[in-house]
Amino acid sequence: MAPAQASNSGVLVARSIKALRDAVDAWKANGQRVAFVPTMGALHRGHLSLVEYGNAAADRTVASIFVNPKQFAAHEDLSSYPRTEARDLELLATAGCDLAYVPEPAEMYPPGFQTSVSVAELSQGLCGTTRPHFFGGVATVVCKLLNQCRPDVAIFGEKDYQQLLVIRRMARDLDIDVEIAGAPIVREEDGLAMSSRNAYLAKDERAIAAKLNAVISTAAKRLAAGERVLSVLADGKAAIAAAGFSSIDYLEARSALDLTLLGPGPLDGKTPARVFVAVMIGRTRLIDNWPVG
Ligand code: AMP
């Protein structure tokens, strides 16, 4: 297997587990702390903020680019998911990433692969309802990535808040010796949460998408002021429908600690809470969330 090699962008690229481990082991032998940022590529400023977080938290930062087939259902967008490796490597170099780990599917899932990791409770509800296969695929690949890279800290975006909690629980339950850090959502100027899937949006859809964050930030503000969850969410759903979204998957208030569903009355003001939303615009699914208070 080839060792990690410099790419045109200047960032080192490892395409095998061995090349990744050799590079990370050499850094650790020198007493250096390693941060890890798993991604599916098609990078944007949200991803790069995680790399910057890693740079501040550790001596070396590794980012992986792997479009994980196990987290897509047959009807989802695995084949059309944007793949922009050359540009991604340039962005990682600019952000000060030390190593890009870019394994092939056969390196990750060799013939005979048959193990899966599931985080029972946190994977239910929210995105787990319409994407029942999703968190099993995520937990399995992130468990493997953490075992392959063996970082001191791994950073995940609050954009995918349920995913962050699933992974934190998985690492704790399986005694994976890593700190799981959450980083804030990076937004476009108009407030739309950055996402690789925003690239699917046509111009008119993009204009509608920009209205989503206002709906959930307004809902969060009203909940913080003590209004009833039921009426705030009913108004939020009406606003989403009026804004022109094709459908609402969910709009809910949940505990930010363990995703317990909150409501129908006012929040207790003690439990940290978040408003969570998933909608469809045409064939594109968007998710976002906003802290209460
Ligand atoms: P993805 O490539 O979509 O699987 O995302 C890789 C990582 O980047 C995950 O930890 C995401 O939560 C995080 N991420 C994606 N979009 C954003 C964003 N707008 N702000 C912060 N983190 C993000």
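To start, this report covers the structure provided alongside it.

Cut-offs applied
Residues numbered from 1 in each chain as written. Predicted model: local features only at pLDDT ≥ 70, side-chain atom pairs only at ≥ 80, totals over all residues. Heavy atoms only, no water. Phe/Tyr/Trp six-rings, centres within 6.5 Å; stacked < 30°, edge-to-face > 60°. Lys NZ or Arg CZ within 6 Å of the ring centre and 35° of its normal. Salt bridge = Lys/Arg side-chain N within 4 Å of Asp/Glu carboxyl O. Helix = DSSP H or I, 4+ residues; strand = E, 2+ residues; numbered from the N terminus. Buried < 20%, exposed > 50% of the residue type's maximum accessible area, 1.4 Å probe, protein only.

1. Topic: the packing of aromatic side chains
Thinking step 1. Per the stated rule, a full pass over the model turns up 5 aromatic pairs.
Thinking step 2. A connected cluster of aromatic rings, assembled from ring pairs, spans Phe66, Tyr109 and Phe113.
Thinking step 3. Against the face of Tyr109 rests Lys70, its NZ or CZ located 4.6 Å from the ring centre.

2. Focus on the pattern of salt bridges
Thinking step 1. Tallying each qualifying case throughout the model produces 15 salt bridges.
Thinking step 2. A salt bridge links Asp22 to Lys18, with the nearest nitrogen and oxygen atoms 2.6 Å apart. In this pair, Asp22 and Lys18 are both assigned in helix α1 (residues 17-29), 4 residues apart and thus about one turn of the helix distant.
Thinking step 3. Overall, Asp22 belongs to the partly exposed group, its relative accessible area being 40%.
Thinking step 4. Where Glu158 meets Arg274, a salt bridge forms, and the shortest distance between an N and an O atom there is 3.2 Å. A residue pair is termed long-range when its members are at least 10 positions apart, and Glu158 in the loop between β6 (153-157) and α7 (161-173) and Arg274 in strand β9 (residues 273-281) qualify at 116 residues. When sorted by exposure, Glu158 lands in the same class as Arg274, which is buried.
Thinking step 5. Salt bridges linked by common partners bring Arg222, Glu227 and Asp235 together as one network.

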